[in-house]
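# Commentary on secondary and tertiary structure
Listed below are the residues making up each chain.
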Number of protein chains: 2
Amino acid sequence: MNGAPDPLGALGATIRDRWTATRGPLFCDMYELTMAQVYVHGGIVDRAAHFDAFYRSNPDYGTHQAGYAVAAGLGPFLDWLDQVAVTDEHVNALAALRSPTGTAVFDAAFLDWIARPHLFDSIEIQAIDEGRVVHPHEPLVSVTGPLGAAQLVETALLNFINYPTLIATKAARVVSAARGGAVLEFGMRRGPATGVNDGVRAALIGGCISTSDVEAAIACGVQPSGTHAHSLVQAYLALGMGEVEAFRASAAAAPDGCILLVDTIDTLESGVPNAITVFRELRSAGHRPVGIRLDSGDLAFLAVQAALQLDAAGFDETSIVLSSDLDELTIWQIRDQVREDAPRVGLDPAAVLGRLVYGVGTRLVTSHGASALNGVYKLTGICDADGVWQPAIKVSEDPGKVPLPGPKRVWRLYDHRGVAVTDLVGLADETPLTDDENVVHHPVQAGVHKTIHRSDIAQIEPLHRPMTPGRTDVAVDELAARCRADLERLDPGVQRLVNPHRYHVSITDPLHRLRQDLLARIDA
Amino acid sequence: MNGAPDPLGALGATIRDRWTATRGPLFCDMYELTMAQVYVHGGIVDRAAHFDAFYRSNPDYGTHQAGYAVAAGLGPFLDWLDQVAVTDEHVNALAALRSPTGTAVFDAAFLDWIARPHLFDSIEIQAIDEGRVVHPHEPLVSVTGPLGAAQLVETALLNFINYPTLIATKAARVVSAARGGAVLEFGMRRGPATGVNDGVRAALIGGCISTSDVEAAIACGVQPSGTHAHSLVQAYLALGMGEVEAFRASAAAAPDGCILLVDTIDTLESGVPNAITVFRELRSAGHRPVGIRLDSGDLAFLAVQAALQLDAAGFDETSIVLSSDLDELTIWQIRDQVREDAPRVGLDPAAVLGRLVYGVGTRLVTSHGASALNGVYKLTGICDADGVWQPAIKVSEDPGKVPLPGPKRVWRLYDHRGVAVTDLVGLADETPLTDDENVVHHPVQAGVHKTIHRSDIAQIEPLHRPMTPGRTDVAVDELAARCRADLERLDPGVQRLVNPHRYHVSITDPLHRLRQDLLARIDA
């Protein structure tokens, strides 16, 4: 993919520019602006502050819940942060906003502040790379900067990372269910309008090998996928020709990439036999037919029956592409049924399973069953008038909603098998696991702690690294490779589609004590 | 909103330009392009063809299902269709795409075709206006044009209308549950990345009166909403001040639009009393405080208790804004509980309900429970070599998936009360209900028919009208008014949130007979 020819690279860059430009500096919730005005008036708009973006629980699809998530969206956010600029047009518009009584919402002091050149330049970001496996309660992105500017980026940052992380996670699950079978992203038509492009990029990070969305494919450096719809067969039928003529025309236009959709009339009685006729013609002409696509009916039954016909005709190497409301559970069920059914008709189940390809559309790009990630952005500290950092906290009736105070870092601990066993969240100036025995705490539940023995840990990997605003030169396929590498080091139990084993996220003792002190101070 | 000052109008136009530009001519599924190449080779790429976009069932949220939908997304599609242009950069990129064996995917004949200037200019569109109430099986958008061009717009059209229609529908339901209480759209942070702007526009069409998304608000000509987050109170606490100082600072920055978030420490013990302190100061200074916001806990209980405190302090006109995972069912339940609880503490329930405002975020902009609309785009006819229209059909094991053939129109029938009773789908050249007794058929179920007496129908409204590509000059608030007007003429039973009465969509006898003839011809 890095060796994409230049015309594709050039258009890809143009498309990514447009994607970035579609979100301007006022791509934010109104309250970011009204709060910034309060800070301007209070003389604290340039006070240094820390914020953390994190999420509280893995996507829960109702009948099943993810055991992990896959971080996505940071790259486009960093590109936006570098490009975005407040112009006179924005300032004039903000100056024109009126309260219900007709007074100006924003005053001159605020407008002077937001019109400052390089408003976001002094923001510093520590974050976990895109494509990494991540877990609840750990800061995915930590922002340090002047209070007003660091507050202002809240909504954009959450918007840039919440949905893509949700979709990269769903994609990783679908890919996991496919057990090595290729997964193609097909969700453009029912996805969330322009958001579908963000979703496609995330799906590629999560492990889809291609997408039907041509612009997104070119922008992300992959080959787009797709052959023909029912309408092609319908058109030939309406013009008095047959399905075989439609297939022949399709094959002639793409002799080396021929995939035929076989369910327009009757899959087993018409579609597959006609496909075989055309495949024979292709083979005679020296081409290798690629496969068929099934888009309705009992996909497991039809896949086995189609394989039987294709094998009998000598096309045992063609793919069988499945589509139609697929997700991780339907793929799991289809594969399970194929495993049962194939031997009954004398087929090797592994051979049938090995030729399946999955076109996954709506349910991937909308994260069917869990349509949002509950990511939040919380103030964790602010400098006082003397330049001393003061940690910030928020109390809540729900202990799961008390954020972790202070500037923090995340370390991933691997055991001697190379398996990730715990993510440890501590204060930024800590060196983790300096003792033989280290008491760590549950991130939420009071009184729950355990001891980590340094000798059990083979590797301590810092997950945060400083991020520079600007366009990344890391290709999407490299992000996908990062995701695969993390999944290889994640316990299979944590990756289980249903009822996964819970991955441990712990906080260090110093962080735990800081939070307890702050809570005690508020209670007092 | 039409009287917005010019700086807002100017920025709004800039933002809408960027929204349109973010989708280029290759914003399509790959198979649209490969099919067009087949049509170029077959010499039928310029053959006139009809396609219909329609959806098959109303959004089903699992425990409840919508009884109707609200059309949205057509305006931005028409703008895109007018603006989009294939450039050399696109042609060069397409020419660079390679099949798995390394051969070019697209040949010179296809590239010549797609490089034609004004590719989409001869497309004609008949459609139902944005903001109208719509129903399953009726063509929302009918496209007539050269086969290749009319096929090529499929994915973009579906992408432009499916998600916005889904969100406008959800918004109309949420607004219905609020029974006149204002609904504000707050979903930007967890919405589908850039798609959130499309969602906000649709939510405004469906009846939300404002949004927190500043860019989308300005683009749509409404005033953005929002005051402050927990982080403002947290910052003041971390700096050694109290909640009341935070509220005072917030009030000072927006004395005429002051809404205070009261749940950072303890809603009833700290937040509301501190808000009342600051409201008194505002009143002394000649300002009218707007209200408080509750964002956690038992919102119904807290709203009643907060109302009690506010009334006792003489602030019985302040609003109580509720937020936190609201949707149509939670709003219904909250209002029900307030109705029960308010009299127990001596409050007039109508007065409490009348001051509630609803900030609805994630669950609106992701259409919680039904994350996609099942809209499709089907070939319904094509001209043969002699210029004679040939209707197209697709058979399916599922009768609900057999599309209605031929070019069609939709008429809405109103009874003598002015209530819409049936949407009638017929052939484009028909005049509906010419007889006293008119047999009409179920759009899907074979053998189900009924008789419509002309005398029972007071008005026959054609819903389709020709649409011209280009930017619409209809403001979003006019689209919202259209939606309200349609809902006023829709049976309340059809609008019921749970288990709605089924609205009748029927097809005319000539359309029914055409479909039966075509099916018989394929069976033969």
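Scoring rules and cut-offs
Throughout this description, residue numbers start from 1 for each chain and increase along the sequence as written. Each chain is given a letter, starting from A, and each ligand a number, starting from 1, according to the order in which they appear as written. Selection of residues for local features in this predicted model requires a pLDDT of at least 70, selection of side-chain atom pairs for listing and counting requires 80 or more, and totals for whole chains, interfaces and linings are taken over all residues. By convention in this description, side-chain values take in all heavy atoms of the structure and omit both hydrogens and water. Each reported salt bridge corresponds to a side-chain nitrogen of Lys or Arg within 4 Å of a carboxyl oxygen of Asp or Glu. Runs of E in the DSSP output that reach at least two residues are strands. Runs of H or I that reach at least four are helices, and both are numbered from the N terminus. Classification of residues uses two cut-offs on accessible area relative to the type maximum, computed with a 1.4 Å probe and protein chains only: under 20% is buried, over 50% is exposed, and between them is partly exposed. Only residues with pLDDT of at least 70 in both copies contribute their C-alpha atoms to the least-squares superposition of the copies. Contacts between residues were defined by any pair of non-hydrogen atoms, one from each residue, lying within 4.5 Å. Axes here mean lines fitted to C-alpha atoms, for a helix over just the part in contact, with angles spanning 0 to 180 degrees between N-to-C directions. Here roughly perpendicular refers to angles of 65 to 115 degrees, roughly parallel to angles under 35, roughly antiparallel to angles over 145, and oblique to all remaining angles. Two helices crossing with the near one rotated counterclockwise from the far one by less than a right angle form a left-handed crossing, whereas a clockwise rotation gives a right-handed crossing. Ten residues, namely Ala, Val, Leu, Ile, Met, Phe, Trp, Tyr, Cys and Pro, are considered nonpolar, four, namely Asp, Glu, Lys and Arg, are considered charged, and the remaining ones, Gly among them, are considered polar. Paired strands are those between which DSSP finds at least two bridges. Summed over both partners, buried area is the accessible surface (1.4 Å probe) that two parts give up on being assembled. Paired rings are identified among Phe, Tyr and Trp, the last through its six-membered ring, by centres lying within 6.5 Å, and are further divided according to the angle between planes into stacked (under 30 degrees), edge-to-face (over 60) and tilted (the rest). In this scheme, Lys NZ or Arg CZ marks a charge over a ring once it lies within 6 Å of the ring centre and within 35 degrees of the ring normal. Between N or O atoms, a polar contact is any pair within 3.5 Å; within protein, one atom must be a potential hydrogen donor and the other a potential acceptor, and residues adjacent in sequence are included only when both atoms are from side chains. Our working definition of a disulfide is a cysteine sulfur pair at a distance within 2.5 Å.

### Focus on the pattern of salt bridges
In the structure shown here, the tally under the stated rule is 60 salt bridges over all chains. The salt bridge involving arginine 355 of chain A is made with aspartate 311 of chain A; its shortest N-O contact spans 2.8 Å. With a gap of 44 residues between them, arginine 355 of chain A in the loop between helix H15 (349–354) and strand E11 (356–360) and aspartate 311 of chain A in helix H13 (residues 299–312) connect regions that are remote in the sequence. Taking relative accessible area as the criterion, aspartate 311 of chain A reaches 29% and is therefore assigned partly exposed. One salt bridge in this structure joins aspartate 415 of chain B and arginine 417 of chain B, with 2.8 Å as the shortest N-O distance.

### Some details on the relation of the copies chain A and chain B
Between chain A and chain B, the superposition needs a rotation of 180 degrees and an axial shift of 0.0 Å, giving an RMSD of 0.0 Å. What we have between these two chains is a two-fold relation. Relative to the rotation axis, the closest C-alpha in chain A is found at glycine 195 of chain A, a distance of 1.8 Å. A symmetric contact is evident, with 100% of the interface residues of chain A recurring at the interface of chain B.

### Examining the packing of helix H3 (residues 74–83) of chain A against helix H7 (residues 154–178) of chain A
What describes two packed helices is the angle between their axes and the distance between those same axes. Residue and element names in this part refer to chain A. One way to put it is that H3 packs onto H7 with a least axis distance of 8 Å and a crossing angle of 150 degrees. In terms of their interaxial angle, H3 and H7 are classed as roughly antiparallel. Our pair here, H3 against H7, has a crossing hand that is right-handed. Facing Leu74, Pro76, Phe77 and Trp80 of H3, the residues of H7 in contact are Ala156, Leu157, Phe160 and Ile161. The residue makeup of the contact of H3 with H7, split by class, is eight nonpolar, no polar and no charged.

### So, the sheet that holds strand E20 (residues 504–508) of chain A
All names here are of chain A. Judged by pairing direction, the sheet is mixed, and its six strands sit side by side in the order E17-E16-E20-E15-E14-E18 without closing on themselves. Unpaired on one side and paired on the other, strand E17 (449–453) and strand E18 (459–462) mark the two borders of the sheet. Averaged over neighbouring strand pairs, the angle between their axes works out to 40 degrees when direction is ignored.

### A few points about helix H10 (residues 230–238) of chain A
Residue and element names in this part refer to chain A. Burial analysis of H10 places eight of its nine residues in the buried class, which makes it a mostly covered element. For H10, the full list of buried residues reads His230, Ser231, Leu232, Val233, Gln234, Ala235, Tyr236 and Ala238. Backbone geometry just after H10 places glycine 240 at a positive phi near 85 degrees.

### What to know about the interface of chain A and chain B
Listed per partner, the contact involves 107 residues of chain A and 107 residues of chain B. Together, the buried faces of chain A and chain B total about 9200 Å²; carbon and sulfur atoms form 60% of this surface. Between arginine 189 of chain B and glutamate 32 of chain A there is a salt bridge, with the nearest N and O atoms lying 3.7 Å from each other. Take the side of chain A that touches chain B: its biggest share by element is 10 residues, from helix H2 (residues 30–42) of chain A. Class assignment for the residues of the side of chain A that touches chain B results in 52 nonpolar, 37 polar and 18 charged.

### A word on the packing of aromatic side chains
Two descriptors summarise a pair of aromatic rings, namely the distance from one centre to the other and the angle between the planes of the rings. Residue and element names in this part refer to chain A. Under the criterion given, the structure shown has 16 aromatic pairs over all chains. For the pair phenylalanine 77 and phenylalanine 160, a centre-to-centre distance of 5.8 Å together with 70 degrees between the ring planes defines the contact as edge-to-face. Of this pair, phenylalanine 77 sits in helix H3 while phenylalanine 160 sits in helix H7, placing them 83 residues apart in sequence. You can call phenylalanine 77 buried: its relative accessible area is 0%. Take phenylalanine 160: its relative accessible area is 3%, and that puts it in the buried class. Here the aromatic rings of tryptophan 80 and phenylalanine 120 are separated by 6.2 Å at their centres, their planes lie at 35 degrees, and the arrangement is tilted. Linking tryptophan 80 in helix H3 with phenylalanine 120 in the loop between helix H5 (108–114) and strand E3 (124–128), this pair joins segments that are 40 residues apart in sequence. Taking the relative accessible area as the measure of exposure, tryptophan 80 reaches 2% and is therefore buried. Three or more aromatic residues joined by ring pairs form one cluster here, namely Phe77, Trp80, Phe120 and Phe160. A cation sits over an aromatic face here: arginine 23 above phenylalanine 160, 3.5 Å from the ring centre. Its guanidinium or amino end placed over the ring of phenylalanine 315, arginine 283 lies 4.0 Å from that ring's centre, counting from NZ or CZ.

### Considerations on the side chain of glutamine 37 of chain A
By secondary structure assignment, the location of glutamine 37 of chain A is in helix H2. By relative accessible area, glutamine 37 of chain A is classed as buried at 2%. A polar side-chain atom of glutamine 37 of chain A sits 2.9 Å from the main-chain carbonyl oxygen of valine 105 of chain A. Excluding anything up to four places from it in sequence, glutamine 37 of chain A contacts Val105, Phe106, Asp107 and Phe110 of chain A together with Ala253 of chain B.

### Examining the state of the cysteines
Simply put, disulfide is the name for a covalent bond between the sulfur atoms of two cysteines. Scanning the model with the defined rule gives zero disulfides over all chains in all. Cysteine cysteine 28 of chain A shares no disulfide, and the gap to the nearest cysteine sulfur, in cysteine 220 of chain B, comes to 15 Å.

### Structural notes on the sheet that holds strand E19 (residues 464–467) of chain B
Read across the open sheet, the six strands follow the order E13-E12-E1-E5-E3-E19 (chain B); overall the sheet is antiparallel. Each of the sheet's edge strands pairs with one partner strand only, and the pair in question is strand E13 (389–391) and E19 of chain B. In this sheet, neighbouring strand axes are inclined to one another by 25 degrees on average, regardless of whether the strands run parallel or antiparallel. One ladder, built from seven bridges, connects strand E1 (residues 48–55) of chain B with strand E12 (residues 375–383) of chain B; its direction is antiparallel. Among the inter-strand pairings, phenylalanine 54 of chain B is bridged to a residue of E12 of chain B, identified as valine 376 of chain B. In the packing of H10 of chain A onto the sheet, the strands contacted are E1, E12 and E13 of chain B, and the crossing angle to E12 of chain B comes to about 20 degrees.

Taken by themselves, the reported measurements are silent on function.
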